[in-house]
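Structural overview
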Amino acid sequence: MPADERFTIRAFRNGDEAQILRLFARSFHAQRSPEHFDWKYRTNPHGRERISVAFDAGGILAAHYAGYPVAFREGRRDLVAHQVGDTMTEVAVRHIGRGPTSVLGRTALHFYANFCERQVAFNYGFNVANIQKFSLRFLRSDRVEPVTYRVMNAAEIVPMPRWERLARGYRLQVVQRTDAEWDRFFERVAPAYGMLLKRDARYVQWRYLDCPDVQYIVIAIRKFFTLAGWMVFRIREDRLTIGDALFDPDLIDAPEVLLRHVVPHWPATRVDGWFPPRPAWFDIVLGNLGFEKQAEPQDLSLMCVPFMENHIVPRMREALYYTWGDSDLF
C-alpha cells in the first residue's frame, strides 16, 4: 500500500512505553502501571516486546498493536501463538484511511509481517463485535465461536465439612510458587483436553503469580499428596470469577470439593467463568455442579488469524479448551 508520510510505523523501542500507557488510559479509561507493561511484554517466558506502533509527524503515538506469545499443546506438538490485545488508536486519527489503509490497519499489518509470518502458528484474541467486523473484513481473521459463558448461584454451593474432605483424601493449598510437580501434572492430564494452552509451571507462575496489579487466588487440590487439579479466582464485586482451571479426568470429584471449600469463604452471590463445551467430560462436570450457559455479557467471540497452521480454526472448533485467563481480560 502507498506510504503515508504523516505516520511512521515501526517496531517497539525502549521508551515508547510511556506514550503507550497514556494511550491505553485514554482508550480504555483505565490505568496500567509500568510494572504491568514490563510483566506482560518484557518478562513473558515465550518471547518479548512483540509490539508495533505508529507515530505521527510530531512524534505522538497514534496507534498500537501488540501480542504476547504463548505455547499451545495439540496432541504431541507444541505450537507458539500470539494472544493479541491492547489494540488501540488515538481518536484524532481514526478517520484517516479505511480498513487496511487506516492507521490501526497498517499497524496491524506491520505486526503480521514482522512478528507473525513464518514465526507463529496463529494469532488469537477475544473481541467485541466492532473489532470482530474489522478483523474479519480487513485482517484475515476467522471467528472460531462465541465465548461460552457459565454462571451458577453461589448459594447453591453447600460447604463441605473438613472431616468429609479429609475422608475423601483431599487437601487444598493456596499456591505462591509452582515447581516441577506442575509440569508433570500438565503432561499427565493434557491428552484429556485435546488442544489447550500449555499450562505448565512456568506459565502459571508468570501469568498469575508474578502478575502485578491484579490479585489472583491460585488454589491447588491434592488427593493423597498427588496433585489432582487447580483453579485460579478473582473477586469482582459480588462475583467470584474462575479464570483458569485444570483437573485430572480420573478425579472428577475434585472440582466439587475445591468449590465447596473455597466459595463459601467469600461474600459472592454468583460464580462465573468461560468454559467451552470441550472436553466433553469436563462439560459434564460443570453441568453437574450447577453451571448454566448464558450469553456472554459483552458479546465476545474467539477470533483467530492463521499463519503457519492454515487449518487451525476447524481444529480449534473441534478440540480447543480455553478459559478467561487465556485472554488479557481476566
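Calculation notes
Residues numbered from 1 in each chain as written. Predicted model: local features only at pLDDT ≥ 70, side-chain atom pairs only at ≥ 80, totals over all residues. Heavy atoms only, no water. Pairing = 2+ DSSP bridges. Helix = DSSP H or I, 4+ residues; strand = E, 2+ residues; numbered from the N terminus. Axes fitted to C-alpha atoms, helices over the stretch in contact; angles between N-to-C directions. Contact = heavy atoms within 4.5 Å. Salt bridge = Lys/Arg side-chain N within 4 Å of Asp/Glu carboxyl O. Buried < 20%, exposed > 50% of the residue type's maximum accessible area, 1.4 Å probe, protein only. Phe/Tyr/Trp six-rings, centres within 6.5 Å; stacked < 30°, edge-to-face > 60°. Parallel < 35°, antiparallel > 145°, perpendicular 65-115°, else oblique. Nonpolar A, V, L, I, M, F, W, Y, C, P; charged D, E, K, R; others polar.

Details of the sheet that holds strand β10 (residues 217–223)
- On the basis of which strands lie adjacent, the open sheet formed by seven strands has the order β8-β10-β11-β12-β13-β7-β14 and mixed pairing. The open sheet has two edge strands with one neighbour each: β8 (170–174) and β14 (292–294). On average, each strand axis in the sheet is tilted by 30° relative to the strand beside it, whichever way the strands run.
- Note that strand β11 (residues 226–236) and strand β12 (residues 239–247) share eight bridges and pair antiparallel. Bridged to R234 within β12 is T241.
- Strands in contact with helix α8 (residues 254–262) are β8, β10, β11 and β12; relative to β11, the strand with the most contacts, it is inclined by about 40°.

Concerning the pattern of salt bridges
- Under the counting rule described, the total for this entry stands at 29 salt bridges.
- With its nearest N and O atoms 3.0 Å apart, the salt bridge here joins D86 to K40. Placement of the pair is D86 in strand β4 (residues 77–89) and K40 in helix α2 (residues 34–42), with a sequence separation of 46 residues.
- Under the relative-accessibility criterion, D86 is labelled buried at 8%.
- On the basis of relative accessibility, which here comes to 3%, the residue K40 falls in the buried class.
- The salt bridge involving R278 is made with E145; its shortest N-O contact spans 2.8 Å.

Looking at the pairing of β4
- Pairing geometry for strand β3 (residues 61–74) and β4, over 11 bridges, is antiparallel. Paired with Y68 across the two strands is Q83, which belongs to β4.
- The turn joining β3 and β4, which pair antiparallel and follow one another in sequence, is formed by two residues; a positive phi near 65° is taken by G75.
- The sheet contact formed by β4 and strand β5 (residues 122–127) spans three bridges and is parallel. Considered in β5, the bridge of A81 is made with F122.

Some details on the packing of aromatic side chains
- Counted according to the given criterion, the structure contains 30 aromatic pairs.
- Taking the centre distance of 5.7 Å and the plane angle of 40° together, the rings of F12 and F37 count as tilted. Here F12 is found in the loop between β1 (7–11) and α1 (17–28), whereas its partner F37 is found in helix α2, with 25 residues between them in sequence.
- Summarising the aromatic geometry, the rings of Y208 and Y216 are spaced 5.2 Å apart at their centres and angled 85° between planes, so their arrangement reads as edge-to-face. Each member of the pair, Y208 as well as Y216, is classed as buried.

Let's talk about the packing of α1 against α2
- At their nearest, the axes of α1 and α2 sit 11 Å apart, and the two run at 110° to each other. What the angle tells us is that α1 and α2 run roughly perpendicular. Residues E17, I20 and L21 of α1 lie in contact with α2, whose contacting residues are P34, F37 and R42.
- Split into classes, the residues belonging to the contact of α1 with α2 amount to four nonpolar, no polar and two charged.

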